[in-house]
Amino acid sequence: MPVEKVDTLIIGGGQAGLAMSEHLGKRGLSHLIVEKGQIASSWRGRWDSLVANGPAWHDRFPGMTFPGVDPDGFAPRKNIVDYFVSYAQQISAPIRCDTEVKTLHRKPDGSGFVAETSTGTIEATNVVAATGAFQRPVIPAIVPDDAGFNQIHSFSYRNPDQLPEGGVLVIGAGSSGAQIADELMRSGRRVFLSVGPHDRPPRRYRGRDFVWWLGVLGMWDAKPSNTSADHVTIAVSGAHGGHTVDFRELASRGMTLVGRAQSFANGEMAFEPDLARNIALGDANYLAMLDAADAYVAREGLDLPEEPEARIIAPDPECVTDPLLRLNLARAGITSIVWATGYALDFTRWLKVDAFDPSGAPVHERGVAKVPGLYFLGLAGLSRRASPFIWGVWHDADYLADHIAGRKAVAA
């Protein structure tokens, strides 16, 4: 087959790839998107009841609202997929689905890149890796595969009926873990939830969603840092109309909270004695957000109703004051473990370019790699806190499109 030549190759047909396509198209810059599956494949692959964690007025691109979804509501997974398919049509995105990039390397003369794909070879002057942050699901090597339990990552979870009968241990209490654990308990399962360090913002406060508060308080624009606090998970939910994640409330309905999973041996899981501390740190994050919001209201003289009841925190349940440190899973009736333990980057498996640090993380400045013509988009902390979110990636793509236009102008 003949080699195909393009100016800019965008790898990934999700929110990052489409945002990049829109901004390149506005500048009259030719490009091609390749997607190994279908448009918005990452959203397609999540659990059945998933909804956006931000309201529809916020979690969108500027050029299109969510049809059929209340602006203050939370779009279901199918609506999100349909949104991106419609958006691709609206901007006439040049996308080629079912085309996986097997390897990508620089041309010997440094003038561009060569991508070997499942449908042929593509040469490109610029490449934007827009594969997002959810690349390789991570399951810690704690419980052996042959231990006798059904083990899946949250990436593979779809609904309660997918799991064999019996109780479930959910490890990881960020947004995915907390929502999956809640759904499993509502289905009648006995659920244990392993809670690690987390941020726990209020869903709404004084009549405004927390994403609004992040905006006016400048938190969306917070620059990334190299501190461990930058990687603390966030527990927030748009499920059931949107609500503040409250681990004490989950416990009051029958869920057993435990600390971080430590080790497994002889059928027993050992947990860190950190549950009370993790819950307390989540509370501190929650209260700090209320304090910052109150200070902003006072400073700006806003007429927003006070909400003193938001500061009422229930007493710790028994599972927090007298935590389980060891648990025999079989005796507790647990047959499944859901690992809501996040994702790792997977670039170096296919992107054969000297653009990564020893850990495999891309070396870049606001998405511009040290290798001329190579860009990254959609990653957490790419330029600021908002970077991996729908509207945040749209603004990052605008910046990268300017950079690509500048390269083309210099070459001309």
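Before any of the text, the structure's been laid out above.
Residues numbered from 1 in each chain as written. Predicted model: local features only at pLDDT ≥ 70, side-chain atom pairs only at ≥ 80, totals over all residues. Heavy atoms only, no water.

Chemist: When you look at the sheet that holds strand 8 (residues 150–153) in this model, what are you seeing that I'm missing?
Modeler: Taken in spatial order, the five strands line up as 8-19-9-10-15 in an open sheet, and their pairing is parallel. Every other strand in the sheet has two partners, leaving strand 8 and strand 15 (256–258) as the edge strands with one partner each. Across the sheet, the mean angle separating the axes of adjacent strands is 20° when strand polarity is ignored. Examined bridge by bridge, strand 10 (residues 191–194) and strand 15 share three bridges and lie parallel to one another. Note that in strand 15 the partner of Ser 194 across the bridge is Val 258. On top of the sheet, helix 4 (residues 175–186) reaches strand 9 (167–171), strand 10 and strand 19 (334–339); it is set at about 170° to strand 10, its chief contact. (Pairing = 2+ DSSP bridges. Helix = DSSP H or I, 4+ residues; strand = E, 2+ residues; numbered from the N terminus. Axes fitted to C-alpha atoms, helices over the stretch in contact; angles between N-to-C directions. Contact = heavy atoms within 4.5 Å.)

Chemist: Looking at this structure, I do not really get empty space enclosed by the protein. What am I missing?
Modeler: In this approach a probe as big as a water molecule rolls over the atoms, and the regions it shows empty are the leftover space. Tallying each qualifying case throughout the model produces one cavity of 30 Å³ or more. Size it by volume and the largest cavity reaches roughly 30 Å³. For the largest cavity, the full set of lining residues is Arg 200, Asp 246, Phe 247, Arg 248, Ile 279 and Asp 283. Taken together, the elements giving at least two residues each to the lining of the largest cavity come down to helix 6 (247–252) and helix 7 (275–300). Tallied by class, the residues present in the lining of the largest cavity amount to two nonpolar, no polar and four charged. (1 Å grid on protein atoms, 1.4 Å probe; cavity = no way out; pocket = protein on both sides within 12 Å on 5 of 7 lines; lining within 4 Å. Points joined across faces, edges and corners; volume = space filled by probe spheres on them. Nonpolar A, V, L, I, M, F, W, Y, C, P; charged D, E, K, R; others polar.)

Chemist: Would you explain helix 7 in this entry?
Modeler: For an α-helix the count is 3.6 residues per turn, leaving residues at separations of three or four pointing the same way. Given a rise of 1.5 Å per residue, 26 residues ought to cover 38 Å, and the 38 Å separating the end C-alpha atoms of helix 7 matches this to within 8%. Burial in helix 7 covers these residues: Leu 275, Asn 278, Ile 279, Gly 282, Asp 283, Tyr 286, Met 289, Leu 290, Ala 293, Tyr 296 and Val 297. Here the buried face of helix 7 lies against strand 11 (198–199), strand 12 (204–205), helix 5 (210–216), helix 6, strand 15 and helix 8 (318–321). (Expected span 1.5 Å × (residues − 1). Buried < 20%, exposed > 50% of the residue type's maximum accessible area, 1.4 Å probe, protein only.)

Chemist: What is the right way to read the layout of surface pockets from this model?
Modeler: By volume, the second largest pocket amounts to about 260 Å³. Gln 179, Asp 182, Ala 239, His 240 and His 243 are, among the 18 residues lining the second largest pocket, the residues nearest its centre. Those elements that place two or more of their residues in the lining of the second largest pocket are helix 4 and helix 6. Looking at which element gives the most residues to the lining of the second largest pocket, the answer is helix 4, with five residues. Partitioned by chemical class, the residues of the lining of the second largest pocket number six nonpolar, six polar and six charged.

From the geometry alone we can't say anything about function, so treat these as descriptive.
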